[in-house]
Amino acid sequence: MGSVVLKSLSILLGIFFVFVGTMKISSLISKELHKDLRKDYVKYAKVFPLSDTLDFKVPSKWYRRVVGSLEIICGLAMSLIPNAKVKQGANIVLILLMLVAVYSHYMVNDKFERIAPALVFFFMLTGRMVIDWQLRRKAEAAIEGEAKAQKQD
């Protein structure tokens, strides 16, 4: 049962992030949404978390492109690549992106309606990661149990 949930979450989250990343990079899906995202990223680049620490201004165009590209790459990894470690790595990168998104929305004083989607996907990605860890621990416990049973025989 858990495996079905994990696979479903991986595929659906992966498809979602490919969709959102594509909107950030290209106007292929919606010209108006792409235009709005370009305007939004001008604000988000000004509050980028590391810009004060590193004394570095992030160009909004490249910030949007990097975030969009990471979302597409990680989304494809989550939905298509069968390797669990690759999926877990993509999951962690997407969680970090969602944390930065929540931070950015908060810092530019966006309404909660603008922050909520990033929070929801943060929690979905966190839930996917927890399910993955639980399934791995369960599998490892079963292997250890079999090894102990074979030693006793």
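These numbers come from a predicted model, not from an experiment. (Residues numbered from 1 in each chain as written. Predicted model: local features only at pLDDT ≥ 70, side-chain atom pairs only at ≥ 80, totals over all residues. Heavy atoms only, no water.)

(A) Representation of the overall build of the protein chain within the structure. Counting its secondary structure elements, the protein chain contains 6 helices and 0 strands. When its helices and strands are written in sequence order, the protein chain yields α-α-α-α-α-α. For a compact globule of 153 residues, the expected C-alpha radius of gyration is about 15 Å, and the protein chain comes in at 19 Å, more than 25% above that figure. Within the protein chain, the fraction of its 153 residues that count as buried is 35%. (Helix = DSSP H or I, 4+ residues; strand = E, 2+ residues; numbered from the N terminus. Rg over C-alpha atoms; globule rule 2.2 N^0.38 Å. Buried < 20%, exposed > 50% of the residue type's maximum accessible area, 1.4 Å probe, protein only.)

(B) Summary view of the pattern of salt bridges. One pass over the structure, following the stated rule, counts 4 salt bridges. Glu-71 serves as the salt-bridge partner of Lys-24, at 2.8 Å between the closest nitrogen and oxygen. Linking Lys-24 in helix α1 (residues 2-25) with Glu-71 in helix α4 (residues 60-80), this pair joins segments that are 47 residues apart in sequence. By relative accessible area, Lys-24 is classed as buried at 9%. (Salt bridge = Lys/Arg side-chain N within 4 Å of Asp/Glu carboxyl O.)

(C) Looking closely at the UniProt feature "transmembrane region" (unreviewed entry) in the protein chain. Feature annotation in UniProt places "transmembrane region" (unreviewed entry) on residues 9-29, 89-108 and 114-131, given in this structure's numbering. This span, residues 89-108, is 95% helix and 0% strand, and a straight line between its end C-alpha atoms measures 29 Å. (UniProt positions renumbered as here; feature names shortened; annotations may be inferred.)

(D) The arrangement of the packing of aromatic side chains in detail. Taken as a whole and assessed by the stated rule, the structure comprises 7 aromatic pairs. With centroids separated by 5.2 Å and ring planes inclined at 80 degrees, the aromatic side chains of Phe-16 and Phe-17 adopt a geometry described as edge-to-face. Consider the rings of Tyr-41 and Tyr-63, whose centres lie 5.3 Å apart with planes at 70 degrees: the pair is edge-to-face. One end of the pair, Tyr-41, is in helix α2 (residues 31-46); the other, Tyr-63, is in helix α4, with 22 residues separating them in the sequence. Summarising the burial analysis for this pair, Tyr-41 and Tyr-63 share the class buried. Each member of the aromatic cluster is reached from another via a ring pair, and the members are Tyr-41, Tyr-44, Phe-48 and Tyr-63. Against the face of Trp-62 rests Arg-65, its NZ or CZ located 5.0 Å from the ring centre. (Phe/Tyr/Trp six-rings, centres within 6.5 Å; stacked < 30°, edge-to-face > 60°. Lys NZ or Arg CZ within 6 Å of the ring centre and 35° of its normal.)

(E) Region of the structure containing unusual backbone geometry. One non-glycine residue, Asn-109, lies in positive phi territory at about 60 degrees. When you line up the elements, Asn-109 lands in the loop between α5 (84-107) and α6 (112-152).

(F) Main features of a nonpolar patch on the surface. A contiguous nonpolar patch, built from Leu-76, Leu-80, Ile-81 and Val-86 and spanning about 330 Å² of accessible area, is present on the exposed surface. In this fold, Leu-80 is placed in helix α4. (Patch = residues over 30% accessible without salt bridge, like charges linked within 9 Å, V, L, I, M, F, W, Y side chains within 5 Å. Areas by Shrake-Rupley, 256 points an atom, 1.4 Å probe, with all protein chains shown as cover.)

(G) Examining α6 more closely. For α6, built from 41 residues, the straight-helix expectation of 60 Å at 1.5 Å per residue is met to within 8% by its first-to-last C-alpha distance of 59 Å. Residues Ile-115, Ala-116, Ala-118, Phe-121, Phe-122, Leu-125, Arg-128, Met-129 and Asp-132 constitute the buried set of α6. (Expected span 1.5 Å × (residues − 1).)

(H) The side chain of Gln-88, seen in detail. Relative to the assigned elements, Gln-88 resides in helix α5. Of the polar contacts made by the side chain of Gln-88, one reaches the side chain of Arg-128; its length is 3.2 Å. When near neighbours in sequence (up to four residues on either side) are disregarded, Gln-88 contacts Arg-128, Met-129, Asp-132, Trp-133 and Arg-136. (Polar contact = N/O pair within 3.5 Å; in protein donor to acceptor, adjacent residues only side chain to side chain. Contact = heavy atoms within 4.5 Å.)

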